[in-house]
Each structure stands twice: as C-alpha cells, then as structure tokens.
Amino acid sequence: GAVVSQHPSRVICKSGTSVKIECRSLDFQATTMFWYRQFPKQSLMLMATSNEGSKATYEQGVEKDKFLINHASLTLSTLTVTSAHPEDSSFYICSARDSADYGYTFGSGTRLTVV
Amino acid sequence: GQNIDQPTEMTATEGAIVQINCTYQTSGFNGLFWYQQHAGEAPTFLSYNVLDGLEEKGRFSSFLSRSKGYSYLLLKELQMKDSASYLCAVRTDKLIFGTGTRLQVFP
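Residues numbered from 1 in each chain as written. Chains lettered and ligands numbered in written order. Predicted model: local features only at pLDDT ≥ 70, side-chain atom pairs only at ≥ 80, totals over all residues. Heavy atoms only, no water.

Chemist: Run through the nonpolar core, naming residues and quoting values.
Modeler: Nonpolar side chains in soluble globular proteins tend to end up buried together. Ranked by internal contacts, the top residues of the largest apolar core, which has 25 residues, are W35, Y58, F67, I69, L79, Y92 and L112 of chain A. Elements with a minimum of two residues in this core: β2 (10–13), β3 (19–25), β4 (32–38), β5 (45–51), β7 (67–73), β8 (76–81), β9 (90–97) and β11 (110–114) of chain A. Discounting residues that sit within four places of it in the chain, Y92 of chain A has contacts with Q6, I21, Y36, R37, M47, F67, L79, G109, T110 and L112 of chain A. Judged by nonpolar contacts, the second largest core, of 22 residues, contains I4, C22, W34 and C88 of chain B. (Core = buried A, V, L, I, M, F, W, Y, C linked by side-chain atoms within 4.5 Å. Buried < 20%, exposed > 50% of the residue type's maximum accessible area, 1.4 Å probe, protein only. Helix = DSSP H or I, 4+ residues; strand = E, 2+ residues; numbered from the N terminus. Contact = heavy atoms within 4.5 Å.)

Below you can see the structure in the form of structure tokens.
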C-alpha cells in the first residue's frame, strides 16, 4: 500500500531556531499534501495544503511566514517552522492523497518540542 | 465556516457496543472518513462513506446521512485495545477533521 515517510519523528530545538520536517511519498506520486498540527487531547487541525510546483494554501489563522511549505517534487513536501517558540510545540503530521485512490495516507508524525 | 462536531469523551465496557456520532456542516462534501488514533501516532483508516447508508466492516460499521449532515461509527464486541481517539473527517477539496472522541473501554 501507499506509504508516506515523515522525518524526524521527534525533535527538540531552542527557541528562535528553525526546524524542517520532511514528508516523502515512497511508492506513489503526491500532487497534493496536507499539513496538520495536533495539540494534546485535541484533533488534527489543518494548517495548509501543499501543491507540487505552486504556492501552498494556508488555512485562516496560520502564519505563512512562520510555517514555510515547499513542495518541489511529486514525492517531497517540507514544512519549516521558523523562529520557533514554545507555543509551537506540537505534533505535526502530513497526509497525501494517492491520485489513484480516494484514500489518504498519513506520515508517522513529528513531535516538536521548543525549549 | 466548517463545523464537524463529535462528543469529547465516551466510556464503555468490554464486550459492549458503542456508537460515536459526528455531525457536520461543510462547504462541499465528497465523502466522510472515520479514523482511529492512539496517542502520539498517526491516524489509521477505519471506514469511508460517500453514499447514504451503512457500511459494515467486521466489528466496525459506519453510517452516513448526507441530508442530515450526520454520521456514526458503531463499534461492536468492544475490546480493551479499542481505547483510543476516533476522528471523523469530511473530504471537501481537502480533508477536515472533526473534534475527535476519546473512547475508554473498561473491563
């Protein structure tokens, strides 16, 4: 089945630094990837939709200059949290839709802790 | 706006049946998914409904009424390992998740 590889699984960074999270579709082409954030005991909140070769579409309230998304190829999308602060600590997870299927495949998630 | 609501928490006893409801108001509708999620892990797919009616898959069933903006997930013969969060998600031009329901199964 379709697999999305997400790295790193856990990262701790200092306040003010930037962190890059990668999602790769391993056996299918993902023209669209979705990035979610999940705080403890809450559901997944859609942050942005990443389209290969074009600018990402951000949800209302998500700062595009803080959460940089790049989708340079059909198999790779990256999310960079710039100038991270403790309130950015969260579980970030990507999802891709296999164009051959109606389903969505999720990455394994990244636990970001900003200290 | 988009609203997808679920009860926050539910409890049930091992061997019992539990129904988790999901009501939605979205701009567009191309199907509804149910996922199971354990803490710190990715959601795992349970079911997908695009037409009205009941979809049965082993111990899990999911129902959809598009006219009422309503779905439910039915879990039968509950097991301890079913303790998890259950998320409904509506597909529009993207996939939007509901508020999630934490289910706790007791012996």
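Chemist: So what's going on with the pairing of strand β11 (residues 101–106) of chain B? Residues and values would help.
Modeler: Residues and elements named next belong to chain B. Burial along β11 is one-sided: T101, L103 and V105 are buried, while R102, Q104 and F106, pointing the other way, are not. Direction of pairing for strand β2 (residues 9–13) relative to β11: parallel, over a ladder of five bridges. In the strand pairing of β11, T11 is matched with Q104. Pairing geometry for strand β9 (residues 84–91) and β11, over three bridges, is antiparallel. Its bridge partner lying in β11, S85 is registered against R102. (Pairing = 2+ DSSP bridges.)

Chemist: How would you summarise the packing of aromatic side chains if you had to cite specific residues and measurements?
Modeler: The full count for this structure, using the stated rule, is 16 aromatic pairs over all chains. Aromatic pair F106 of chain A and F97 of chain B: ring centres 6.0 Å apart, planes at 65°, arrangement edge-to-face. Of this pair, F106 of chain A sits in strand β10 (residues 104–106) while F97 of chain B sits in strand β10 (residues 95–97), which puts the two residues in different chains. Centroid distance Y35 of chain B to F45 of chain B: 6.3 Å. Interplanar angle 75°. Geometry classified as edge-to-face. With Y35 of chain B in strand β4 (residues 32–37) and F45 of chain B in strand β5 (residues 44–49), this residue pair connects regions lying 10 residues apart in the sequence. Grouped by ring-pair contacts, the aromatic residues F34, Y36, Y104 and F106 of chain A together with F33, Y35, F45, Y48 and F97 of chain B constitute a single cluster. In this structure, K66 of chain A is placed above the aromatic ring of F67 of chain A, and the distance from its NZ or CZ to the ring centre is 6.0 Å. (Phe/Tyr/Trp six-rings, centres within 6.5 Å; stacked < 30°, edge-to-face > 60°. Lys NZ or Arg CZ within 6 Å of the ring centre and 35° of its normal.)

Chemist: Tell me about unusual backbone geometry, and name the residues and values.
Modeler: With an omega of -5°, the peptide bond between H7 of chain A and P8 of chain A qualifies as cis. Within the element layout of this structure, P8 of chain A appears in the loop between β1 (4–7) and β2. Phi at S83 of chain A is positive, roughly 45°, even though this residue is not glycine. Despite not being glycine, E77 of chain B shows a phi value in the positive range, around 45°. Mapped onto the secondary structure, E77 of chain B falls in the loop between β8 (70–75) and β9.

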